[in-house]
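Overview (structure and organization)
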Amino acid sequence: MTIQSIFESKFSGSPDIIVRSPGRINLIGEHTDYNEGFVLPAAIDKEVLLALRKRDDEKISLFAADFNESYSASLYDLFPANRSWPAYILGVVQQLLQREVALHGFDAVLLSTVPVGAGMSSSAAIECAVIFALNEVFESRLGKIDMIKLTQKAENEYVGVKCGIMDMFASMMGKHGHAIKLDCKDLNYRYFPITLDGFKIVLFDTGVRHSLAFGEYNLRRVQCEEGVSFLQKKYSFIKSLRNVTNEMLQNDLKGKVSEIVYNRCRYVVEEIQRVTEGCDDLERNDLAAFGRKMFQTHQGLSNLYEVSCKELDFLVDFAKHEPAIAGARMMGGGFGGCTINIIKENAIEDIYARISVAYENTFGLELKMYEMTTQSGASVIK
Ligand code: GLA
């Protein structure tokens, strides 16, 4: 069924608008966005579709086709939703109301091909689709950057995940065939052509979903802030880990804060440098050097930042021994979800056959694979 026909059968009549908004991958630069560092994400061909129609009253009537679930709320009563998907919608509505955008109620249908909890930002894709559609239908004339910032606030304040800006930025600003080198300090960005000569970006999905991840995510943020506050006593110009050098880590942080805080900060400082160097590798077409950085990132995420899990580590270890895999690492917030791999195109099938058997033998879990194609950011379909 198309989203149009689902809408018609649920609400009778046509939607005013249908928009699409993609999920994202991230080549390198993990947990750097909320530390004012660099990231290198790209929008992908897995996306959220949203069909929406204005109402004359204040009612918000929602249907998530993938879960066959309905939810209703009122513009005047946006109490936190007890399920995840409505929260991503109502959080955006709340932000728009706070900005005094003149909203009415609306009917909406959501249909998504972004796997949930796999680290491809299905939530940001929903939030971006919602703000994009409401902005059009209620003519609130917000620019893309404003919309990106509001969706991040929605996630921070309503959903309660203190996420950075990468996911929304990629979903809104993605460009087919390109990654985005984004400076999360000032939102300067540059499109980076992804030319992988005979290689492809492939995700392996552990199938592991950790409900603890939100709390751990927010905790990482606090630990990074603790490192920054400590360093600020000596270096008043420091605003974030972006301003911190290897020397400061060694001379001013090591042994002076807890080992955990030091490790978190060390990972982030090194990862910010890796993004810059990794972009140079890509520019030189040196995939081998870029791939080595992906493995280093994983090591840091696993040992210093401690956001990996045994299933992700297993997949990356396996990849390390495959000559046809240039690089691999866990992707996204962590504690489950996918690894991102750069694999020689003609070896993908063979590698998948072997890694999925090994994975299933070890964990008793099915390993899903997604071959990635990049896409453009959120847009109106109808
Ligand atoms: C999640 C967050 C992002 C980012 C990544 C880790 O996807 O939503 O803001 O911090 O984790 O890089």
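Only a predicted model underlies this, so the values are computations on that prediction, with no experimental measurement involved. (Residues numbered from 1 in each chain as written. Predicted model: local features only at pLDDT ≥ 70, side-chain atom pairs only at ≥ 80, totals over all residues. Heavy atoms only, no water.)

The end-to-end C-alpha distance of helix α2 (residues 84-98), which contains 15 residues, comes to 21 Å, matching closely the 21 Å that a straight helix rising 1.5 Å per residue would cover. Buried residues dominate α2, accounting for 11 of its 15 residues. Taken together, the buried positions of α2 are occupied by Trp 85, Pro 86, Ala 87, Tyr 88, Ile 89, Leu 90, Gly 91, Val 92, Val 93, Gln 95 and Leu 96. Once α2 finishes, Glu 100 follows within two positions and takes phi at roughly 60°, a positive value. (Helix = DSSP H or I, 4+ residues; strand = E, 2+ residues; numbered from the N terminus. Expected span 1.5 Å × (residues − 1). Buried < 20%, exposed > 50% of the residue type's maximum accessible area, 1.4 Å probe, protein only.)

In the vicinity of the ligand, the contacting residues are Arg 24, Glu 30, His 31, Asp 33, Tyr 34, Cys 163, Gly 164, Met 166, Asp 167, Tyr 217, Gly 332 and Gly 333. One nitrogen or oxygen atom from the side chain of Asp 33 is found 2.5 Å from an oxygen atom belonging to the ligand. Within the side chain of Asp 167, a nitrogen or oxygen atom sits 2.6 Å from an oxygen atom of the ligand. By residue class, the composition of the shell around the ligand is 4 nonpolar, 4 polar and 4 charged. Viewed by domain, the shell around the ligand spans two of them, domain 1 (3-194 + 376-380) and domain 2 (199-371), each represented by three or more residues. (Near = heavy atom within 4 Å. Polar contact = N/O pair within 3.5 Å; in protein donor to acceptor, adjacent residues only side chain to side chain. Nonpolar A, V, L, I, M, F, W, Y, C, P; charged D, E, K, R; others polar. Domains from an automatic or database assignment.)

Before going further, it helps to spend a moment on the pattern of salt bridges. Taken as a whole and judged by the stated rule, the model has 25 salt bridges. The closest approach of N and O atoms between Arg 264 and Glu 306, which form a salt bridge, is 2.9 Å. Here the residue Arg 264 occupies a position in helix α8 (residues 259-283), and Glu 306 occupies one in the loop between α9 (287-304) and α10 (310-320), the gap between them amounting to 42 residues. You can call Arg 264 buried: its relative accessible area is 4%. For Glu 306, a relative accessible area of 39% corresponds to the partly exposed category. The structure contains a network of salt bridges with shared partners spanning Arg 53, Arg 55, Asp 57 and Asp 107. (Salt bridge = Lys/Arg side-chain N within 4 Å of Asp/Glu carboxyl O.)

This paragraph deals with the domain arrangement of the chain. Each assigned domain of the chain is listed here: domain 1 (3-194 + 376-380) and domain 2 (199-371). Once you take the C-alpha centre of each, domain 1 and domain 2 turn out to be 25 Å apart. On the side of domain 2, 41 residues touch domain 1, which itself brings 36 residues to the contact. In this assembly, domain 1 packs against domain 2 so that about 3,200 Å² is buried in total across both faces, 64% of it on carbon and sulfur atoms. Summed over the shared surface of domain 1 and domain 2, the result is 3 salt bridges. Between Arg 242 and Asp 183 there is a salt bridge, with the nearest N and O atoms lying 2.7 Å from each other. At the boundary of domain 1 and domain 2, one finds 21 residue pairs in polar contact (both at pLDDT 80 or more). (Contact = heavy atoms within 4.5 Å. Buried area = accessible area lost by both parts, 1.4 Å probe.)

The next thing to look at is the pairing of strand β11 (residues 338-344). Of all the 7 residues making up β11, 6 are buried; the element is thus mostly covered by neighbouring parts of the structure. Bridge count for strand β9 (residues 199-205) against β11 is 7 bridges, and the pairing is antiparallel. If you follow Ile 201 over to β11, its bridge partner there is Ile 342. For strand β10 (residues 325-330) and β11, the ladder comprises 5 bridges, and the chain directions are antiparallel. Each bridged residue has a counterpart across the sheet, and for Ala 328 the counterpart in β11 is Asn 341. (Pairing = 2+ DSSP bridges.)

Our next topic: the side chain of Gln 95. Mapping Gln 95 onto the fold places it in helix α2. The class of Gln 95 is buried, set by a relative accessible area of 1%. Apart from residues lying up to four places away in sequence, Gln 95 is in contact with Leu 150, Lys 153, Ala 154 and Glu 157.

Okay, α9 next. Compared with the 26 Å implied by 1.5 Å per residue over 18 residues, the 25 Å span of α9 between its first and last C-alpha is a close match. Just downstream of α9, Glu 306 is the residue with a positive phi angle, here 55°.

This part takes up the sheet that holds strand β13 (residues 379-380). Spatially, the 6 strands line up as an open sheet ordered β5-β4-β6-β3-β1-β13, and their pairing is mixed. Either end of the sheet is taken by a strand with one partner, and the two such strands are β5 (69-74) and β13. Taken together, the 2 bridges between strand β1 (residues 17-26) and β13 define a ladder with antiparallel strand orientation. Across the sheet, residue Arg 20 finds its bridge partner in β13, namely Ser 379. Relative to the sheet, helix α1 (residues 3-11) contacts β1, β3 (41-54), β4 (59-64), β5 and β6 (106-112), its axis offset from that of β6 by approximately 140°. Sheet strands touched by helix α5 (residues 166-173): β1 and β3. Its angle to β1, the strand with the most contacts, is close to 125°. (Axes fitted to C-alpha atoms, helices over the stretch in contact; angles between N-to-C directions.)

Moving on, we come to the pairing of β5. When β4 meets β5, the two strands line up antiparallel, connected through 6 bridges. Looking across to β5, one finds that Lys 59 is bridged to Ser 74. Here β4 folds back onto β5 in antiparallel fashion, the turn holding 4 residues, of which Asn 68 has a positive phi close to 50°.

Attention now goes to the packing of aromatic side chains. Applying the stated rule across the entire model yields 11 aromatic pairs. On the numbers, 6.1 Å between centres and 55° between planes, the contact of Phe 314 with Tyr 359 is tilted. With Phe 314 in helix α10 and Tyr 359 in helix α11 (residues 348-363), this residue pair connects regions lying 45 residues apart in the sequence. An angle of 50° between the planes, with centres 5.1 Å apart, marks the rings of Tyr 359 and Phe 363 as tilted. Of this pair, Tyr 359 and Phe 363 both sit in helix α11, separated by 4 residues, roughly a single helical turn. In textbook terms, an aromatic cluster arises when at least three aromatic residues are bridged by ring pairs, as seen for Phe 169, Tyr 189 and Tyr 191. (Phe/Tyr/Trp six-rings, centres within 6.5 Å; stacked < 30°, edge-to-face > 60°.)

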